[in-house]
Amino acid sequence: MTATAPDAAAQTAPTTPNPAAPNPAGPNPAGPNTAAPQTAAPFLPGDARPDAPELAARGSFAVGVRTVTLVNPGQPDLARAPQGGPVPRADRRLTVEVWYPTASGAKETVTYTDTLTSGKAFTFDGRAARDAKPLSGQAFPLVIVSHGYTGSRVLMSYLTEHLASRGYVVAAIDHTDSTHDNRGPFNSTLVNRAPDINFTLDQIARLGAPGSGSPLSGVVNASRAAVLGYSMGGYGALNAAGAGYAPKVAALLPGGTLTPRQTGAFTPDPRIRAAVAFAPWGGPSAARGLGVPTGEYGFWDARGLEGLKVPTLFVVGDHDDVSGFEEGVKPLFENAVNADRYLLVYQNARHNIAPNPAPSLPGLSFADHEHYADPVWDSARLNNLNQHFVTAFLNLTLKGDAGAAAYLNVPTPIAANATGQNAWKGFAPRTMLGLELYHLRPR
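Residues numbered from 1 in each chain as written. Predicted model: local features only at pLDDT ≥ 70, side-chain atom pairs only at ≥ 80, totals over all residues. Heavy atoms only, no water.

- Under an unreviewed UniProt entry, the name given to the protein chain is Dienelactone hydrolase, and the organism recorded is Deinococcus xianganensis.

### Observations regarding the overall build of the protein chain
Step number 1: In terms of regular secondary structure, the protein chain is built from 9 helices and 14 strands.
Step number 2: Here the C-alpha atoms of the protein chain give a radius of gyration of 21 Å, agreeing with the 22 Å that 2.2 N^0.38 yields for 443 residues.
Step number 3: With respect to the principal axes defined by its C-alpha atoms, the protein chain has extents near 80 × 50 × 45 Å.
Step number 4: Taking all 443 residues of the protein chain together, 57% fall into the buried category.
Step number 5: Accessible area of the protein chain: about 17,600 Å², with a carbon and sulfur share of 52%. (Helix = DSSP H or I, 4+ residues; strand = E, 2+ residues; numbered from the N terminus. Rg over C-alpha atoms; globule rule 2.2 N^0.38 Å. Buried < 20%, exposed > 50% of the residue type's maximum accessible area, 1.4 Å probe, protein only. Areas by Shrake-Rupley, 256 points an atom, 1.4 Å probe, with all protein chains shown as cover.)

### Digging into helix α1 (residues 157-165)
Step number 1: By the criterion of burial, α1 is predominantly enclosed, with 9 of the 9 residues buried.
Step number 2: Those residues of α1 that fall on the buried side of the exposure criterion are S157, Y158, L159, T160, E161, H162, L163, A164 and S165.
Step number 3: Just downstream of α1 lies G167, where phi reads positive at about 95 degrees.

### Examining the sheet that holds strand β2 (residues 89-102)
Step number 1: Sheet architecture is open: 10 strands sit in the order β5-β1-β2-β7-β6-β10-β11-β12-β13-β14, paired in mixed fashion. Among the strands making up the open sheet, the edge pair consists of β5 (129-130) and β14 (435-440).
Step number 2: As paired elements, strand β10 (residues 220-230) and strand β11 (residues 272-278) share 6 bridges and run parallel to each other. Bridge assignment links G229 to a residue of β11, and that residue is A277.
Step number 3: The strands that α1 touches are β1 (62-76), β2, β6 (140-146), β7 (169-174), β10 and β11; relative to β2, the one it contacts most, it runs at about 55 degrees.
Step number 4: Across the sheet, helix α7 (residues 325-335) touches β12 (312-317), β13 (341-346) and β14, and the angle it forms with β13 is around 155 degrees. (Pairing = 2+ DSSP bridges. Contact = heavy atoms within 4.5 Å. Axes fitted to C-alpha atoms, helices over the stretch in contact; angles between N-to-C directions.)

### What to know about the side chain of N383
Step number 1: Take N383: it is sitting in helix α9 (residues 379-397).
Step number 2: Within the structure, the side chain of N383 is placed 3.0 Å from the backbone oxygen of P355, a separation counted as a polar contact. (Polar contact = N/O pair within 3.5 Å; in protein donor to acceptor, adjacent residues only side chain to side chain.)

### Things to note about the pattern of salt bridges
Step number 1: Under the counting rule described, the total for this entry stands at 17 salt bridges.
Step number 2: In this structure, D77 and R80 form a salt bridge, with 2.8 Å as the shortest nitrogen-oxygen distance.
Step number 3: Here R92 makes a salt bridge to D196, at a shortest N to O gap of 2.8 Å. A residue pair is termed long-range when its members are at least 10 positions apart, and R92 in strand β2 and D196 in helix α2 (residues 186-208) qualify at 104 residues. Like R92, the residue D196 is buried in the burial classification.
Step number 4: One salt-bridge network, in which partners are shared between bridges, spans D77, R80, R92, D177 and D196. (Salt bridge = Lys/Arg side-chain N within 4 Å of Asp/Glu carboxyl O.)

### Description of the UniProt feature "domain: PET hydrolase/cutinase-like" (unreviewed entry) in the protein chain
Step number 1: The feature "domain: PET hydrolase/cutinase-like" (unreviewed entry), as given by UniProt, occupies residues 137-243 in the numbering adopted here.
Step number 2: Strand forms 26% of residues 137-243 and helix 38%; the C-alpha atoms that close the span are 35 Å apart. (UniProt positions renumbered as here; feature names shortened; annotations may be inferred.)

### Overview of the side chain of T312
Step number 1: Counting through the fold element by element, T312 comes out in strand β12.
Step number 2: Residue class for T312 comes out buried when judged on its relative accessible area of 0%.
Step number 3: Reaching out from T312, the side chain makes a polar contact with the backbone oxygen of V310 at a distance of 2.9 Å.
Step number 4: Residue contacts for T312: discarding those within four places in its chain leaves L238, A275, A339, D340, R341, Y342 and F393.

### Some remarks on the nonpolar core
Step number 1: Within the largest apolar cluster, 70 residues are counted, with the highest numbers of intra-cluster contacts made by L142, W281, F299 and W300.
Step number 2: Per element, the largest residue contribution to this core is 10 residues, and it comes from α2.
Step number 3: If you look at the next biggest cluster of nonpolar residues, it comprises 58 residues, including F122, F124, L163 and L382. (Core = buried A, V, L, I, M, F, W, Y, C linked by side-chain atoms within 4.5 Å.)

### Structural notes on the environment of A225
Step number 1: By the secondary structure assignment, A225 is in strand β10.
Step number 2: A relative accessible area of 1% means that A225 is categorised as buried.
Step number 3: Residues A225 and P270, 45 residues apart in the sequence, show an inter-C-alpha distance of 9.1 Å.
Step number 4: Look past the residues within four positions of A225 in its chain and what remains in contact with it is L142, L201, R271, I272, R273, A274 and L398.

### Some details on the packing of α2 against helix α3 (residues 232-240)
Step number 1: Their axes nearest at 8 Å, the elements α2 and α3 cross at an angle of 50 degrees. Relative to α3, the element α2 is oriented oblique. For the element pair α2 and α3, the recorded crossing hand is right-handed. For the pair formed by α2 and α3, the contact residues are F186, T189, L190, R193, A194, I197 and N198 on the first element and M232, G233, Y235, G236, A237, N239 and A240 on the second.
Step number 2: Classifying every residue of the contact of α2 with α3 gives 8 nonpolar, 5 polar and 1 charged. (Parallel < 35°, antiparallel > 145°, perpendicular 65-115°, else oblique. Left-handed = near helix turned anticlockwise from the far one by under 90°. Nonpolar A, V, L, I, M, F, W, Y, C, P; charged D, E, K, R; others polar.)

Next up, the structure:
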C-alpha cells in the first residue's frame, strides 16, 4: 500500500490579565508620562499571553535540554523495500530531544534548528539551557512526544519546555522517514510510530536509571510515563497506549509489518499511565481518504478501541480537515469505552492545533506558513491553552494531584455558557469563548 497523508501544524494561546497593572499606552491622570518608552521583549514559543489560563504560566523549575541519538537494531525498512518484494531489515536511527528540570540559575537560552516543508532550514530561540546538568535528588515522570507527518522533535517546543518547567522529563522523537527534512513513504510512518515510541521509552528509562552513567541518571521515573502525539503522532500514541489496529488494516501493509500492532497481538507497556492525542490521524474519515478497507472506526475497530484503558486526553478542532471531527476524532473518543477520557474541542479550528507558531521569516511562502497556522485561531493562544489543559491532565494522571481535576471537570462543557459560578477554573472573565470540554468515564 502506498499512501500520502498531509500533516500540518500550529496555533496560539492566552494568559490572565492583571486588572491592577497600569496601562502603558493610556493617559496618566497625574500628568504627562515622562518615563522613557519601554522596549518590547521578544515573545518566544510558549510564552504566556496576558490572557493565558492559569496553568500556562511557566513552572517553578529551570529547564535544561540535550540531544541523544538512539539506534533500534533490525527494524523493518519500508523506505527501501522493493515493490512486491520482502521487507528488508536495518538499524533504525532516532534523534531525540530531551527536556528536564535543571538547577535554578542556569541561563535558559537555546537555539533550535528545524526545516520547513519546502526544505529550507531555519533557527528559532527557546527558553532552555543546552546540556545543563539535570536537577539531582528527584526522579520526574516521563512524557514521550511524537510529531506529525511531516514534523520534527522541536515542532512543539512551547509544550515540551513548559512541561519540563512543571516537573517532567520530556523526550521528543525525530521519526526517521517522517520529518521535515527526511520524508519517506507513508507506509514507514504507519508501521514505525508505535515501535519508535516504545523503544524511546525503553531507552530513556535505561539512561535515566540510577547508575547508568548517563547525565540523565536518577532523573527519570519511567514507571509513570505518558505518550503524547500530534496527528500521525496521535495515531502512534493511541496504539502504544493499547488501542490495537483492526486486523483488516494490518493485512494491508507489506510483509505483515503492522500485524504486531493489531488488536490482540500485543500488551501495552504498563509504564504508560496516560495518553494525549492532538488531532489523532487514523479515524474513519482520515482512513477513508486512503481508499482502502478499514475497520469500523478507521484504523481501529470496536475491540481495538476497547484496548485503550489508560486515561486519555483527545484535543481536536471541530473543522479538522485532515483527521476529521464528527467522523474522525469524535468516534475514537466515544468508543474508547474502557478509558477515562476527555475531549477538548476548539470551535472552528482545523488541523493545526498543536505546533509552535509559524516562524517569522522574510518571504515565508503560504505553503510553509499554512503547515503551522490555523485560519481562525492564533497559534500563541492555542499554545497557551494546550499548556494549561495538558499540565492539568498530566498532573492528575501521572502525579496523582487530585486538585488538578478541577481544571478538567468543568461545570458546563461549552465555555460560551460558562459565566459566574459556571466559569472554568483557571480562566479570567471573557477568555473562554470557543472552547468545549467533555468527559466520559470508563464503562
